[in-house]
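Coordinate analysis (summary)
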Amino acid sequence: MSKSLTKRAEDYSKWYNELVVKADLAENSAVRGCMVIKPYGYAIWEKMQAELDRMFKETGHQNAYFPLFVPKSLFEAEEKNAEGFAKECAVVTHYRLQNDPENPGKLRVDPEAKLEEELVVRPTSEAIIWSTYKGWIQSYRDLPLLINQWANVVRWEMRTRLFLRTSEFLWQEGHTAHASKSEAVAEAKQMQHVYATFAEEFMAMPVVKGVKSDSERFAGAEDTYTIEALMQDGKALQAGTSHFLGQNFAEAFDVKFTNKDGKQEYVWATSWGVSTRLIGGLIMTHSDDFGLVLPPKLAPIQVVFVPIYKGEDQLLLLSEKIQTYVKAFKKLGISVKYDDRDTLRPGAKFAEYELKGVPVRIAMGSRDLENNTVEVARRDTLIKESISQDNLVAYVSELLDEIQINLFDTALQFRNNHITHVNSFDEFKDVIENKGGFVAAHWDGTEETEEKIKELTKATIRCIPNDAIEEAGNCVFTGKSSSRRVLFAKAY
């Protein structure tokens, strides 16, 4: 299995595409640009979803659901948002099919069934949600309104790649309303922190927290707060964004509230979201030439037992022993699988679980029964060792924590080694082309300079880091004065 994978050094993109399919995460569908998420891939998404949902609810948010279709008049009410997404929209124009009189057995769109108003298939839900909030918000007592929805969205992409960019994808989108600007800004920053905590503590993926430049921020936002991760090929991945929307959507949809002084004001808004793109980030942060490497906290199977036996008698004895450990692990909340299939040899099973990134593999044979031992293999380092069965459960429980930490530390070291400070445009181009990663450079703050750098190098400003140090300098492209460095990179 893993032997047939393209090596990362040979063709990183091909390696990624092959791994997603061979590890049984997802596949292309009959619908152009859309994917089928297979059970193993969806199990990872469910774990992500469960943790994020818990974190959202701990910060006071509630789940709701809003329609998939957005009337065009509502969609275009906030002009910047509409303009930003217009080219990616799928649009419903008719509501009925009919038998095609010129092609028996075939269907055609009924020309008499044209909608009075076209419906946009949501690329994001601000429009439909804010038109709804108008009926929900009258007084300061109705605020803050903290709503999240788990949904699918459609953005008609021309170049697609499984998980990273598909025409339809799964995500969550939070949409909140507040009585003051300061509360809304605090909410947007809080959700950026939630995303960063999830990325680092569960995905073991280090991120840089920062603010987007004007040209990179969300259409209709006043500020976009982002978390940016670095993949093994030196490209950045925008892993989550949180937007301070100001009063733009409240004004577009006339959402006002009566404040404590009895005066009418427009509410202040945020929106924020992460998607199944995180699975792509997970793959490209940790995996290797042998297959997936999954952090234990998000692995669908954390521990797998593989019996090594000859004949039914040996299998029965091994099964009896292994089942006691399966029960013990389950009591600790550790997801465990006992693979006693007789259709595959142990070596093939080892290869399968290596490819699928199962953090810990335990092999037990008849000799292990005699010696009271097992062989434990960890996926992150591929190290195998024989240990006593007496402390197996405690050992593996600690090992899972160790693997989680090791994956984060390894990724953090890689990320830190690939943040390069440059002071000239020649240095900038050399790092972008030959080393990759984040380039910390001074920028004069203009969209013109940002666009020119993008045109010449394909690198964009990923963010202005939250912890950027005030430092007098000169823009690497124009030489104009600058007060701090920003992070550039090529990106997915």
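Residues numbered from 1 in each chain as written. Predicted model: local features only at pLDDT ≥ 70, side-chain atom pairs only at ≥ 80, totals over all residues. Heavy atoms only, no water.

Examining the pairing of strand 21 (residues 384-388)
Sheet topology note: the strand 20 (residues 373-378)/strand 21 ladder contains 5 bridges and is antiparallel. Bridge assignment links E375 to a residue of strand 21, and that residue is S386. If you look at the hairpin formed by strand 20 and strand 21, you'll find 5 residues sitting between the two strands, and L382 has a positive phi there, around 65°. (Pairing = 2+ DSSP bridges. Helix = DSSP H or I, 4+ residues; strand = E, 2+ residues; numbered from the N terminus.)

Examining the packing of aromatic side chains
What the rule picks out here adds up to 19 aromatic pairs. Put simply, the rings of W45, F56, W150, Y195 and W272 touch in pairs and so form one group of aromatic residues. Directly above the aromatic system of F202 lies the positively charged group of K297, at a separation of 5.0 Å from the ring centroid. Above the ring of F350, the side-chain terminus of R361 is found at 4.1 Å from the ring centroid. (Phe/Tyr/Trp six-rings, centres within 6.5 Å; stacked < 30°, edge-to-face > 60°. Lys NZ or Arg CZ within 6 Å of the ring centre and 35° of its normal.)

Topic: the pattern of salt bridges
Within this structure, the stated rule accounts for 25 salt bridges. Of the charged contacts, one joins E157 and R165 as a salt bridge, the two residues approaching to 3.4 Å between their closest N and O atoms. Given a relative accessible area of 13%, E157 falls into the buried group. For the salt bridge of D380 with R378, the shortest nitrogen-to-oxygen distance reads 2.7 Å. Assessed through its relative accessible area of 15%, D380 is described here as buried. (Salt bridge = Lys/Arg side-chain N within 4 Å of Asp/Glu carboxyl O. Buried < 20%, exposed > 50% of the residue type's maximum accessible area, 1.4 Å probe, protein only.)

Topic: the sheet that holds strand 4 (residues 69-71)
With antiparallel pairing, the 3 strands of this open sheet are ordered in space as 4-8-5. In this open sheet, the two strands that pair with only one neighbour each are strand 4 and strand 5 (90-94). Strand-to-strand twist in this sheet, taken as the mean axis angle between neighbours without regard to direction, amounts to 35°. Note: strand 5 against strand 8 (residues 114-121), 4 bridges, orientation antiparallel. If you follow V92 over to strand 8, its bridge partner there is L119. (Axes fitted to C-alpha atoms, helices over the stretch in contact; angles between N-to-C directions.)

Digging into a negative patch on the surface
Together, E312, D313, D340 and D342 make up a region of like negative charge exposed at the surface. Tracing the backbone shows D313 in helix 9 (residues 311-331). Given a relative accessible area of 61%, D313 falls into the exposed group. (Patch = residues over 30% accessible without salt bridge, like charges linked within 9 Å, V, L, I, M, F, W, Y side chains within 5 Å. Areas by Shrake-Rupley, 256 points an atom, 1.4 Å probe, with all protein chains shown as cover. Lys, Arg positive; Asp, Glu negative; His and termini not counted. Charge placed at Lys NZ, Arg CZ, Asp CG, Glu CD.)

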